[in-house]
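The primary structure of each chain is shown beneath.
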Amino acid sequence: MEWSACLDEYEKLVIRMTTPRVVIDNAVSSKATVVKVDSARKHRILLEAVQVLTDLNLSIKKAYISSDGRWFMDVFHVTDLNGNKLTDESVINYIEQSLGTIHPGKTTGSNGLTALELTGTDRIGLLSEVFAVLADLQCSVVDAKVWTHNGRIASLMYVKDCNSGSPIEDTQHIDRIEARLRNVLKGDNDIRSAKTMVSMAITHTERRLHQVMFADRDYERKPILQPGGDSPVVTVQNWVERGYSVVNVQCKDRTKLLFDVVCTLTDMEYIVFHATINTAGDRAYLEFYIRHTDGTPISSEPERQRVIQCLQAAVERRASEVIVLLEFVWSFSAKLLDHAFVRRTFEMLMRTSFSMNRV
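Residues numbered from 1 in each chain as written. Predicted model: local features only at pLDDT ≥ 70, side-chain atom pairs only at ≥ 80, totals over all residues. Heavy atoms only, no water.

**Student:** How would you summarise the environment of Val184 if you had to cite specific residues and measurements?
**Tutor:** By the secondary structure assignment, Val184 is in helix α5 (residues 171-185). Spatially, the C-alpha atoms of Val184 and Glu129 are 7.0 Å apart, while their sequence positions differ by 55 residues. What Val184 contacts, discounting residues up to four positions off in sequence, is Arg123, Leu126, Glu129, Val130 and Val133. (Helix = DSSP H or I, 4+ residues; strand = E, 2+ residues; numbered from the N terminus. Contact = heavy atoms within 4.5 Å.)

**Student:** Give a description of the nonpolar core that names residues and reports values.
**Tutor:** Residues Phe76, Leu258, Leu286 and Phe288 are the most contacted members of the largest nonpolar core, which totals 53 residues. Residues within four places of Leu258 in sequence aside, it is in contact with Val50, Ile60, Phe76, Ile277, Leu286 and Phe288. With 22 residues, the next largest nonpolar core counts Val133, Leu134, Val146 and Val159 among its residues. (Core = buried A, V, L, I, M, F, W, Y, C linked by side-chain atoms within 4.5 Å. Buried < 20%, exposed > 50% of the residue type's maximum accessible area, 1.4 Å probe, protein only.)

**Student:** Describe the environment of Phe259, naming the residues involved and giving the relevant values.
**Tutor:** With respect to the element layout, Phe259 can be found in helix α7 (residues 257-267). For the pair Phe259 and Leu53, spaced 206 residues apart in sequence, the C-alpha to C-alpha distance is 9.0 Å. Discounting residues that sit within four places of it in the chain, Phe259 has contacts with Leu47, Val50, Gln51, Thr54, His204, Glu206, Arg207, His210 and Arg318.

**Student:** Talk me through the pairing of strand β12 (residues 283-292); I want residue IDs and the actual numbers.
**Tutor:** Within β12, seven of the 10 residues are buried, which leaves the element mostly enclosed by the surrounding structure. By the bridge criterion, eight bridges tie strand β10 (residues 244-252) to β12 in an arrangement that is antiparallel. Looking across to β12, one finds that Cys251 is bridged to Ala284. Of the strand pairs in this sheet, strand β11 (residues 270-280) and β12 are connected by 10 bridges, and their pairing is antiparallel. Note on β12: the bridge partner recorded for Asn278 is Tyr285. Linking β11 to β12, which pair antiparallel, is a turn of two residues; within it Gly281 sits at a positive phi near 65°. (Pairing = 2+ DSSP bridges.)

**Student:** For the packing of aromatic side chains, give the residues involved together with the corresponding values.
**Tutor:** Applying the stated criterion across every chain yields a total of five aromatic pairs. Geometrically, the ring pair formed by Phe214 and Tyr219 is stacked, given 5.7 Å between the ring centres and 25° between the ring planes. Accessibility classification places Phe214 together with Tyr219 in one group, the buried group. Where Trp239 meets Tyr244, the ring centres are 6.3 Å apart and the plane angle is 40°; that geometry is what we call tilted. The exposure class assigned to Trp239 is partly exposed, which follows from its relative accessible area of 33%. Through successive ring pairs, a cluster of aromatic residues spans Trp239, Tyr244, Phe273 and Tyr289. Positioned over the ring face of Tyr244 is Arg291, at 4.1 Å from the centre of the ring. (Phe/Tyr/Trp six-rings, centres within 6.5 Å; stacked < 30°, edge-to-face > 60°. Lys NZ or Arg CZ within 6 Å of the ring centre and 35° of its normal.)

Given below as structure tokens:
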């Protein structure tokens, strides 16, 4: 056999060895569909696997994760939002295909849209002003996601030119958009905090929002409202004998919880070697054995406290989504509704919701 042919066979063997193997089983558990993933261990591959499941709005009831050595093994117990097993063959096939082809770090093209990243001081009426500016600048908003936490707001909006329907590529137009939006986003006492960025790359929206709020250091700010009884409890200890840092998270269960925690650990450059996730009723219990990418555990008290703060913030950031939706609806509906009673009802809902639920 020629040397080139040997290399081809070797490359095929490497591909077979590193391609994730996926098994979906509805017989093992009476309450959930079991999804098993085996693959070569790579940084961020756990996040990619969890992302596939959460993007389908599946609820992860239990999970067992192990990746010592060079192999990565995950077992997820999942249900749909109604708590039922997965029976739709198209969904099952999609999971098998997606998990079998996950590639950490892959990027996507513009898809005909321009991405706007916004960060600033949160306040009532802010979104209405942002959308008014975009409309004035002939930007059509195709999709938008907004998170608020500890008095900060982060948004990822996908827009296109109103007239041409194309991505916005003119540098002067982009400069005008950024300048106008920074002026709207900046707070009275925090002028330098407003940030805008225009990009042609389409990223995973919620993953990027975690990164934007992490970069904004929202976890360091004092909460506007005192935490309630459902605030996440996070502990971090070192297991010196095995060289791990052990992270425990206890909080109210919800969809995408595991994604939020794993996303934050990954962006902080930690690797999850082992993990156990359990849910009971409306509570979730997550335990992670982590190390730095260089193989070392958490080495100082300030670092330990930072991990605790960042994970608490990761769990809390979704709490304001319903409030943002109310403001989004109001910003458009106020222009369409003429009935005085309906207007007053919307205003009352907005005032009540923002005063009670903004975190």
